[in-house]
Protein chains: 2
Amino acid sequence: MEFKTANTDGCPAEHLLKTLSGKWKPQIFRIAQEGPIRFNLLLRQIEGSNKQSISVALRELEEQELLEKVIIKQKPLHIEYNLSEKGKSLIPIFRQLEFLSHEQGLN
Amino acid sequence: MEFKTANTDGCPAEHLLKTLSGKWKPQIFRIAQEGPIRFNLLLRQIEGSNKQSISVALRELEEQELLEKVIIKQKPLHIEYNLSEKGKSLIPIFRQLEFLSHEQGLN
DNA sequence: TCAATTAGTCAGAAAAACATGACTATTAAA
DNA sequence: TTTAATAGTCATGTTTTTCTGACTAATTGA
């Protein structure tokens, strides 16, 4: 392992792009816009995914402070992840990406 | 090799994000906003890059129709790549990514 | 008590991405 | 004529990412 942080000098957009485009992150982000998300639910909702990747994605999104982990200490004690304020601030750009993707047929 | 095209169904933003975040693509895109770009110039301009990766990035950006390859058949015959209309349509979102990256300290 | 669910971790394998060095073909300058 | 530049390709190897299956530990329902 060399450096965890690549040189994104001279290109401020690069880091943010990487942040958002990690494996399953766009899907998770999209689902999180609709409400709190949970590990096992994502695993079922996102077909083709696997626990390891979901786990990594959630951890990284949390580290990046786009998601907040909440331990619900009620009856059947479980864990939720919610979009943070920082996370919410990305909704418009995410919407725009979806819009462009449609409009321009960038697929 | 299985499938070149991953399933980005159910997440329109995903494809666009991948498109923009491939190796060296943000840098290339940024430089291309300033004018025509060329293979060997990129190679020197982007430190840490290598011919193979630049080659792949240019080819893919061309396939995605964000760049247009132009063969300049003049005196010292060479090749240029220009942002296409589709490519130009992404400038605003790219700017916004740069802006957010600064504003929100998303690094 | 036994099985299931939740939310993961860990080691190892497989696949994909990336880098390196050698090579090509054309043109131009020294 | 030899050297350098342009714009790459190709084979190979290394590194990184992703997937798989086994496992854990707490709680719950039958």
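Refer to the preceding data block for the structure.
Predicted, not measured: the structure shown is a model, and the values here were computed from it.

A short note on the overall build of chain A
Piece 1. Each helix and strand counted, chain A has six helices and two strands in total.
Piece 2. In chain A, which comprises 107 residues, the share counted as buried stands at 27%.
Piece 3. Taking as baseline every contact in chain A between residues at least 6 positions apart, the subset at least 24 positions apart corresponds to 39%.

Observations regarding the environment of Arg95 of chain A
Residue and element names in this part refer to chain A.
Piece 1. By the secondary structure assignment, Arg95 is in helix α6 (residues 91–103).
Piece 2. Look at Arg95 and you get exposed, because 12 C-beta atoms sit within 10 Å.
Piece 3. Sequence-wise, Arg95 and Arg30 are 65 residues apart; in three dimensions their C-alpha atoms are separated by 9.4 Å.

Section: the protein's contact with DNA strand D
Piece 1. If you check the shell around DNA strand D, you find 18 residues, and the closest are Lys23, Gln52 and Ser53 of chain A together with Asn40 and His78 of chain B.
Piece 2. Of all the secondary-structure elements, those providing two or more residues to the surface near DNA strand D are α4 (51–63) of chain A together with α3 (39–45), α4 (51–63) and β2 (78–83) of chain B.
Piece 3. The class makeup of the residues in the surface near DNA strand D is four nonpolar, eight polar and six charged.

Description of the protein's contact with DNA strand C
Piece 1. What surrounds DNA strand C is a group of 19 residues, the closest being Asn40 and His78 of chain A together with Lys23, Gln52 and Ser53 of chain B.
Piece 2. Elements that contribute at least two residues to the surface near DNA strand C include exactly α3 (39–45), α4 and β2 (78–83) of chain A together with α4 of chain B.
Piece 3. Each residue belonging to the surface near DNA strand C can be placed in one class, and the counts come to five nonpolar, eight polar and six charged.

What about the interface of chain A and chain B?
Piece 1. Contacts between the two partners involve 28 residues from chain A, matched on the other side by 30 residues from chain B.
Piece 2. At the level of secondary structure, the elements contributing two or more residues to the side of chain A that touches chain B comprise α1 (12–21), α2 (25–32) and α6 of chain A.
Piece 3. Broken down by element, the residue count for the side of chain A that touches chain B peaks at ten residues, all from α1 of chain A.
Piece 4. Considering only residue class, the side of chain A that touches chain B consists of twelve nonpolar, eleven polar and five charged.

Topic: the nonpolar core
Piece 1. One finds Leu17 of chain A together with Leu17, Ile28, Ala32 and Leu67 of chain B to be the most contacted residues of the largest nonpolar core, which totals 27 residues.
Piece 2. Apart from the residues lying within four places of it in its own chain, the contact partners of Ala32 of chain B are Ile37, Leu67, Tyr81 and Leu83 of chain B.
Piece 3. The next biggest cluster of nonpolar side chains, apart from the first, holds 15 residues, and it includes Ile28, Phe29, Leu83 and Leu90 of chain A.

Details of the packing of α1 of chain A against helix α6 (residues 91–103) of chain B
Piece 1. Where α1 of chain A meets α6 of chain B, the axes come as close as 8 Å, and the angle between the chain directions of the two elements is 90°. The angle between α1 of chain A and α6 of chain B places the two elements in the roughly perpendicular class. Between α1 of chain A and α6 of chain B, the contacting residues are Pro12, Ala13, His15, Leu16 and Leu17 of chain A on the first element and Phe94, Leu97, Glu98, Leu100, Ser101 and His102 of chain B on the second.
Piece 2. Its residues assigned to classes, the contact of α1 of chain A with α6 of chain B comprises seven nonpolar, three polar and one charged.

Things to note about the environment of Leu83 of chain B
Residues and elements named next belong to chain B.
Piece 1. Summarising the element assignment, Leu83 is placed in strand β2.
Piece 2. Separated by 14 residues in sequence, Leu83 and Lys69 have C-alpha atoms that sit 9.2 Å apart.
Piece 3. Ignoring sequence-local partners within four residues, the contact set of Leu83 consists of Ala32, Gln33, Leu66, Leu67 and Lys88.

Some thoughts on helix α2 (residues 25–32) of chain B
Piece 1. Buried residues dominate α2 of chain B, accounting for six of its eight residues.
Piece 2. Of all the residues in α2 of chain B, the buried ones are Lys25, Pro26, Gln27, Ile28, Phe29 and Ala32 of chain B.

About the thresholds
Residues numbered from 1 in each chain as written. Chains lettered and ligands numbered in written order. Predicted model: local features only at pLDDT ≥ 70, side-chain atom pairs only at ≥ 80, totals over all residues. Helix = DSSP H or I, 4+ residues; strand = E, 2+ residues; numbered from the N terminus. Buried ≥ 20, exposed ≤ 12 C-beta atoms within 10 Å, placed from the backbone. Contact = placed C-beta atoms within 7 Å. Near = placed C-beta within 6 Å. Nonpolar A, V, L, I, M, F, W, Y, C, P; charged D, E, K, R; others polar. Core = buried A, V, L, I, M, F, W, Y, C linked by C-beta atoms within 7 Å. Axes fitted to C-alpha atoms, helices over the stretch in contact; angles between N-to-C directions. Parallel < 35°, antiparallel > 145°, perpendicular 65-115°, else oblique.

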